[in-house]
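# Structure at a glance
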Protein chains: 2
Amino acid sequence: MAEFDLIAAIRARAAALADARGDVALGIGDDAALLAPPAGRQLVVATDTLNRGVHFADDAAAGDIGWKSLAVNLSDLAAMGAEPAWCTLSLSLPDGDARARAAFVEGFADGFLELAARHRVALVGGDTTRGPLSVCVTAIGFVEPGWALRRDAAGVGDEIWVTGTLGDAGTALALDGIEGYRDFAVRRIDGADAGAGVDSEADAASAWLYQRLRRPQPRVAAGRALRGLARAGIDVSDGLLADLGHICVASGVGACLDAAALPASPALLAACAADARRALQLGGGDDYELCFTAPARQRDSIARALAAADTPAVVIGRIEAEPGVRVRLADGVMWTPSKRGYQHFG
Amino acid sequence: MAEFDLIAAIRARAAALADARGDVALGIGDDAALLAPPAGRQLVVATDTLNRGVHFADDAAAGDIGWKSLAVNLSDLAAMGAEPAWCTLSLSLPDGDARARAAFVEGFADGFLELAARHRVALVGGDTTRGPLSVCVTAIGFVEPGWALRRDAAGVGDEIWVTGTLGDAGTALALDGIEGYRDFAVRRIDGADAGAGVDSEADAASAWLYQRLRRPQPRVAAGRALRGLARAGIDVSDGLLADLGHICVASGVGACLDAAALPASPALLAACAADARRALQLGGGDDYELCFTAPARQRDSIARALAAADTPAVVIGRIEAEPGVRVRLADGVMWTPSKRGYQHFG
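Residues numbered from 1 in each chain as written. Chains lettered and ligands numbered in written order. Predicted model: local features only at pLDDT ≥ 70, side-chain atom pairs only at ≥ 80, totals over all residues. Heavy atoms only, no water.

## Looking at helix 11 (residues 299-308) of chain A
All names here are of chain A. Note the threshold: When accessible area is computed with a 1.4 Å probe and restricted to protein chains, residues below 20% of their type maximum are described as buried, those above 50% as exposed, and intermediate ones as partly exposed. Here a strand is any run of E in DSSP of at least two residues, a helix any run of H or I of at least four, and the numbering for each starts at the N terminus. Along the arc lie the directions from the helix axis toward the C-beta atoms. Note on definitions: a residue-residue contact is assigned when non-hydrogen atoms from the two residues lie within 4.5 Å.
Buried residues of helix 11: I302, A305 and L306, and no others. Along the long axis of helix 11, the arc covered by the buried residues comes to 95°, so they all point the same way. More than 90 degrees from the buried face of helix 11, the exposed residues found are D300, R304, A307 and A308. Along its buried surface, helix 11 packs onto strand 7 (159-163), helix 7 (220-225), strand 10 (290-294) and strand 11 (313-320). Directly beyond the C-terminal end of helix 11, a positive phi value near 60° is found at D310.

## A few points about the UniProt feature "binding site: Mg(2+) 3" (unreviewed entry) in chain A
Convention followed: UniProt positions are given in the numbering used here, feature names are shortened, and annotations may be inferred rather than shown by experiment. Nitrogen and oxygen atoms within 3.5 Å of one another constitute a polar contact, given that in protein one can donate a hydrogen and the other can accept it, and given that sequence-neighbouring residues count only through two side-chain atoms.
The sites that carry the UniProt feature "binding site: Mg(2+) 3" (unreviewed entry) are, in the present numbering, D31, D76 and D235 of chain A. Annotated residues spanning 205 residues; largest pairwise C-alpha distance 32.4 Å, indicating distribution over more than one region. Not counting residues up to four positions away in its chain, the partners in contact with D31 of chain A are A46, D76, A79, M80, R151, G233, I234 and D235 of chain B. Engagement of the side chain of D31 of chain A in a polar contact is seen with the side chain of R151 of chain B, the distance being 3.1 Å. Dropping the residues within four chain positions of it, D235 of chain A is found in contact with V72, S75, D76, A79, D243, Y288, E289 and L290 of chain A together with D31 of chain B. Within the local environment of D235 of chain A, its side chain forms a polar contact with the side chain of S75 of chain A, the two groups lying 2.7 Å apart.

## Some details on the UniProt feature "binding site: Mg(2+) 5" (unreviewed entry) in chain A
In the numbering used here, UniProt assigns the feature "binding site: Mg(2+) 5" (unreviewed entry) to D238 of chain A. Within the fold, D238 of chain A resides in the loop between strand 8 (233-235) and helix 8 (240-251).

## Quick look at the interface of chain A and chain B
Note the cut-off: A simple way to read buried area is as the amount of 1.4 Å-probe accessible surface that goes missing from two parts once joined, with both sides added. Basic side-chain nitrogens of Lys or Arg form a salt bridge, by our definition, when they fall within 4 Å of a carboxyl oxygen of Asp or Glu. In this classification, the charged set is Asp, Glu, Lys and Arg, the nonpolar set is Ala, Val, Leu, Ile, Met, Phe, Trp, Tyr, Cys and Pro, and all remaining amino acids, among them Gly, are polar. Whether two strands pair depends on DSSP finding at least two bridges between them.
With 62 residues of chain A in contact, the opposing surface of chain B contributes 62 residues. With both sides pooled, the region where chain A packs onto chain B buries about 5,100 Å², and carbon together with sulfur makes up 57% of that total. Linking chain A with chain B are four salt bridges. A salt bridge links D30 of chain B to R151 of chain A; the nearest nitrogen and oxygen atoms lie 3.6 Å apart. With nine residues, strand 3 (residues 42-51) of chain A is the single largest residue contributor to the side of chain A that touches chain B. Its residues placed into classes, the side of chain A that touches chain B shows 30 nonpolar, 19 polar and 13 charged. Direction of pairing for strand 2 (residues 33-35) of chain A relative to strand 3 (residues 42-51) of chain B: antiparallel, over a ladder of three bridges. Note on strand 3 of chain B: the bridge partner recorded for L35 of chain A is L43 of chain B.

## Things to note about the confidence of the model for chain A
We count it as follows: You can read pLDDT as the predictor saying how much it trusts each residue, on a scale of 0 to 100.
Per-residue pLDDT for chain A averages 90, and the proportion of residues at 70 or more is 92%. When the criterion is pLDDT under 50, residues 341-346 of chain A qualifies, and its contacts beyond four places in sequence or with other chains add up to 22 contacts.

## Looking at the packing of aromatic side chains
Note the cut-off: Here is the rule: rings of Phe, Tyr and Trp (six-membered ring for Trp) pair when centre to centre is within 6.5 Å. Planes less than 30 degrees apart are stacked, more than 60 are edge-to-face, and the remainder are tilted. Geometrically, a lysine NZ or arginine CZ counts as sitting over a ring once it is within 6 Å of the ring centre and also within 35 degrees of the ring normal.
What the rule picks out here adds up to eight aromatic pairs over all chains. Ring centres of W161 of chain B and F292 of chain B lie 5.6 Å apart, and the angle between their planes is 15°; this geometry places the pair in the stacked category. In this pair, W161 of chain B is assigned in strand 7 (residues 159-163) and F292 of chain B in strand 10 (residues 290-294), connecting sequence segments 131 residues apart. For W161 of chain B, a relative accessible area of 5% gives the class buried. Joined through ring pairs, the aromatic side chains of F104, F108 and F112 of chain A make up one cluster. Above the face of the W335 of chain A ring, R278 of chain A is positioned so that its terminal group lies 5.8 Å from the ring centre.

## Some thoughts on the pairing of strand 3 of chain A
In terms of burial, strand 3 of chain A is largely enclosed, as 10 of its 10 residues are buried. Of the two faces of strand 3 of chain A, the one holding Q42, V44, A46, D48 and L50 of chain A and the one holding L43, V45, T47, T49 and N51 of chain A are both buried throughout.

## Structural notes on the state of the cysteines
Residue and element names in this part refer to chain B. Selection rule: Sulfur atoms of two cysteines make up a disulfide when they are within 2.5 Å.
Scanning all chains against the criterion turns up zero disulfides over all chains. The cysteine C87 is free of any disulfide, with C136 supplying the nearest cysteine sulfur at 11 Å. Residue C87 is classed as buried on the basis of its relative accessible area of 0%.

Shown next as structure tokens:
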């Protein structure tokens, strides 16, 4: 399938969403898109690339790759408190069988556009090129001036919150034996592996962990709900310690976390003993939850706002003046983690 | 060098330009950039990826890759008549020797930021990831509503213009024996290859062809000058026939070109006999000139506006009702090209 046919196929499916928004003057198909931003808002722009064999497995499903490539960018916008609006997509595909390529693009578009539709995000441009499988997405949204959740806004005494649960995606990576995760002591929880025949509850838990890894839900509604209430925010993509560490460095503060307060899913509890669980909650990436800080006086307002946004969240620690991130273990012992999780290059 | 060090190195060099613009509320270093678009303008957004071995040679200089990855996107904005403002950069780098990677990033940033500075474009975000060498850039600019040069706006009777000269980058690709170009009959014009000792004029011509390929100059000033004068516009990235073909399809028209009017550089004339020259002018990509259409009555105004923008341009044909692109050869014979140049995938 020629490049234009690939583009045309995606374009046709993207057009309805672009039309529905009313702010896309010209979408896919020209040298650039023409967009009408709302008056009095700041633009919020995020770009992230997913590469085969690095950010997703060689045998990952096309639809999951499509979903996740948009999700990680919407998660960045959510972490700023932004309302997503538009995106571009640059898709590099290996040469080879035209039918396989077309099938990949169709599956990819299914996942990508399903998530786009959920958040009313219009795909307005991009390109397809030949090369190793790689996806680069740029997402653009809006926020009221001064209301963005920046990394550099945490204050000493702020409570540290996190949405949802932590360590789920990391557990799925550990189950798959992915480098950097294979040393975590996790156990398969699906019935087949346990040799116990069909175990629908365990199967469901296992499927849920993989769903967390493959189809993360960007916390867009939560990010919007936190404007004016939270101070600093970030999404948990590299792992809680690494990402909270970014907030601390940018804000010139430190943090103390309470290990017992870290939220755990039932599936995580089923798959891990306490040590592995804590390690995955603190160091596992790819959960795409929001970590944010807020003055303690905002606690009730935040709880109400997040409940209205249908997003669970808990307080997991506090911002302190002393630099670095520390963890108070269940026995009261303080533990200072190493830098593991910070390094993308070896 | 860890990802953060790479980002920090680029960030420090990009900060001055972002500060100077005054519309970058938050640049590199958070989940997303915060930008203040001017009131009453449309946003113009383009995304393009360059992959090693596809869009640039395996041994391409880092600085040239940096320059070109931004240039192709600024060229897209220029083809819309837009004023460029901001960009994001997603850089995938292979694992390996940390010093070599750091040296690559430094050279890459040199080229990228040199071009960015020329056009006052601020690098405001992006990421670096591990993967096969690949560069994805998104460029954002502005245009007055209704003034963009779209592909679908050509009218029957419009004159077809092109800036600069055509076929230069294609000649450099042919000299290098790049696939798709190696069948063009070009001859080396540098003195050494001709066996004639030092020939500084020929050396300069050869160097100029390579400069056209490696450091294309996006026609930003010309695109701005054409607002309100030209109707349809596109940049010549895939080759004149292919790109003018896009205008014709989008506008529901056809085109007739005059082969004798196609602009040729002295270097092209030195490297090619008439047949190869015409083939490269019509089919060679990577020149990043602007091709645009305008009513004949605008001819003088356009000539003045482009002269003020220091951009040479000539009329090379006319828009006709009959679909397709035709070429009138020097002997008056009409030639209808094949679809060559349209296909990015085989």
